[in-house]
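The chain contents come next:
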Amino acid sequence: MVVLAQATERIGSNFDLVVIAVYLLAVLGFGAMFGRHTRSTRDFFMSGQRFSGWLITMSYIATLVGSYSFMKYSQAGYQYGISSTSTYVNDWFIMPLFMFGWLPIIYFNRVVSVPEYFERRFDSTTRILGTAIILLYMIGYIGYNLFTIGKALEPVLGMSVMQIVLITAVFCGIYVTAGGQTSVIMTDLAQGILLLVAGVGVFLLGIWQLGGWSVFWDALPQSHKYGMADFNTPSDFNAVGLFWQDGIANSFVFYFMNQGILLRFLSAKSPAEGRKAAIYIALIMMPITAVAVSGAGWIGKAMLTLGLLPADTDPNQIFVTVSDIVCSKGMFGVVLAALTAALMSTIDTLINAVSAIAVNDIYRPYIKRGAADRHYLTVARVVSVAVAAIGVILVPFFMTFRSLYGAHAAFTAAITPPVVVVILLGCLWPRYGARAAKVTIILGSLAIFASIAWPDWLIGPISHGMRGERGFKFMRALYGILACGGVAVLAGWIFGR
């Protein structure tokens with residue numbers, strides 16, 4: 001049973017809390033300052049398309065690294081070692097398709113959302129179906145990020161998860177509502193720098209306090225020194241599951257379906273600047289980010305081996321636990337501020353993106369056509385507040401999962417494959433038409449939900465030796481891609497164009 005109001009014993013000092021409070025107030029002021037430039041929906045959603053590649057890069061990293069990233073990958077690093085970085089180095093083979101295929105399509109067509117592209121490429125019914133799934137995914141993603149920041153700060157603030165979630169949602173909602181995409185990108189610049197410095201800093205401080213690199217490396221078990229996980233064991237973290245879940249399904253979702261990421265690249269001055277950002281991300285920033293989010297877990301495992309951590313240390317809290325040990329007073333507050341920054345830089349993007357879809361794909365075409373742009377800007381701000389509130393309501397659902405990694409994998413694999421397949425075939429296959437797209441979304445979604453009811457029959461044959469729901473939650477991504485892809489190809493061949 002989930003207890004919503006139970007507080008835990010605090011760690012950290014009052015000075016650390018002051019640092020976090022100052023940071024939150026600074027973010028509000030920074031966001032409000034740039035919010036003065038938001039006068040239209042184009043400004044609110046795409047910042048007037050005036051940003052360069054390096055700024056898009058930093059904003060992207062801030063969006064990519066949510067509070068769940070520090071918690072989730074530090075947990076994986078603590079339990080499984082260096083292989084926790086594998087999910088961050090899978091994007092290189094997806095980038096060319098994004099850079100030279102998807103990005104030019106959305107930029108030159110001046111589409112504001114994926115559902116808008118669906119109507120132009122297919123028809124209005126496909127747009128409605130796509131809107132429903134994308135909104136479900138993105139609003140759920142907001143709830144997941146709020147849950148992880150609640151788990152991270154619970155032992156620091158001595159408050160319940162839900163109390164922390166409410167406070168965080170209020171702060172995020174205020175500056176996103178005030179400034180839209182401009183506030184999001186400019187605050188993300190500062191937050192992206194902060195979270196990378198803090199994550200890498202905790203790792204380096206840990207090595208220094210352990211006595212140097214050789215002491216750290218020797219203290220890691222041999223099983224923790226491999227760059228890839230074991231092929232199909234354990235069921236919670238293995239190479240084949242990570243490839244299909246994170247490397248294929250989740251990465252394609254992030255680049256092709258995540259409205260927040262699309263708005264980042266649509267804010268670029270030109271597709272060339274967007275391509276520069278993609279190159280910076282894949283070749284430079286992703287390896288640094290992998291160390292930033294996993295390093296505390298590796299340090300924690302070394303500390304456990306050396307007897308510096310108790311055997312019953314909670315893996316879900318290893319980032320906060322290690323940060324508290326290696327950081328001095330005040331510096332620990334900076335690290336926690338970075339953790340908060342990671343959450344806010346992801347949440348603000350998602351709130352703005354959901355607002356864009358709600359206004360451009362629901363309100364404007366179906367509720368009130370032809371209104372003044374100022375009216376739609378007001379609606380966008382109202383939706384931003386409502387979305388933050390819905391994210392809070394979803395937090396108890398994610399509290400039912402035993403691990404942060406498992407919650408993220410199960411949520412993504414169960415919702416996203418139909419829309420991802422439709423996007424890819426819509427870009428690559430001219431014969432793939434509107435009827436085929438609708439059949440793919442409807443039957444593909446039904447096939448995935450059927451796998452939840454009968455996993456042994458449907459996922460078992462392709463599970464690569466993994467059994468049980470803990471393994472199936474990863475392999476459901478492969479099943480979803482195969483089922484939706486099979487339906488899509490068959491429907492495309494039958495209906496044609």
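Cut-offs and rules
Residues numbered from 1 in each chain as written. Predicted model: local features only at pLDDT ≥ 70, side-chain atom pairs only at ≥ 80, totals over all residues. Heavy atoms only, no water. Phe/Tyr/Trp six-rings, centres within 6.5 Å; stacked < 30°, edge-to-face > 60°. Helix = DSSP H or I, 4+ residues; strand = E, 2+ residues; numbered from the N terminus. Buried < 20%, exposed > 50% of the residue type's maximum accessible area, 1.4 Å probe, protein only. Lys NZ or Arg CZ within 6 Å of the ring centre and 35° of its normal. Patch = residues over 30% accessible without salt bridge, like charges linked within 9 Å, V, L, I, M, F, W, Y side chains within 5 Å. Areas by Shrake-Rupley, 256 points an atom, 1.4 Å probe, with all protein chains shown as cover. Salt bridge = Lys/Arg side-chain N within 4 Å of Asp/Glu carboxyl O. Axes fitted to C-alpha atoms, helices over the stretch in contact; angles between N-to-C directions. Parallel < 35°, antiparallel > 145°, perpendicular 65-115°, else oblique. Left-handed = near helix turned anticlockwise from the far one by under 90°. Contact = heavy atoms within 4.5 Å.

*Asks:* Which parts of the structure should I look at to understand the packing of aromatic side chains?
*Replies:* Pairs of aromatic rings are described using the distance from one ring centre to the other and the angle between the two planes. Scanning the model with the defined rule gives 20 aromatic pairs in all. Here the aromatic rings of F252 and F256 are separated by 5.5 Å at their centres, their planes lie at 40 degrees, and the arrangement is tilted. Placement of the pair is F252 and F256 together in helix α10 (residues 239-257), with a separation of four residues, close to one helical turn. The same class applies to F252 and to F256, which are both buried. Site record: aromatic cluster; members linked through ring pairs are F98, W102, Y117, F118, F122, F252, F254, Y255, F256, F265, W429 and Y432. The ring of Y78 carries the charged tip of K301 above its face, separated from the ring centre by 5.7 Å. The ring of Y376 carries the charged tip of R364 above its face, separated from the ring centre by 4.2 Å.

*Asks:* What should I look at first to understand a nonpolar patch on the surface in this one?
*Replies:* Residues W54, I279, Y280, L283, I284 and I288 make up a contiguous nonpolar surface patch of roughly 600 Å² in combined accessible area. Here the nonpolar patch takes five residues from helix α12 (residues 271-305), the largest share from any one element. Relative to the elements of secondary structure, I284 occurs in helix α12.

*Asks:* Help me understand helix α6 (residues 114-121) in this model?
*Replies:* Across the eight residues of α6, six count as buried, placing the element largely inside the fold. Those residues of α6 lying buried are V114, P115, E116, Y117, F118 and R121.

*Asks:* Just checking my understanding: could you explain the packing of α10 against helix α17 (residues 417-428) for this structure?
*Replies:* If you want to describe how two helices pack, look at the angle between their axes and the distance between the axes. The interhelical angle for the contact between α10 and α17, taken along N-to-C directions, is 60 degrees, at an axis separation of 10 Å. With respect to α17, the axis of α10 lies oblique. Seen along the crossing, α10 lies across α17 with a hand that is left-handed. Contacts between α10 and α17 involve F252, V253, F256 and M257 from the first element and V419, V420, I423 and L424 from the second.

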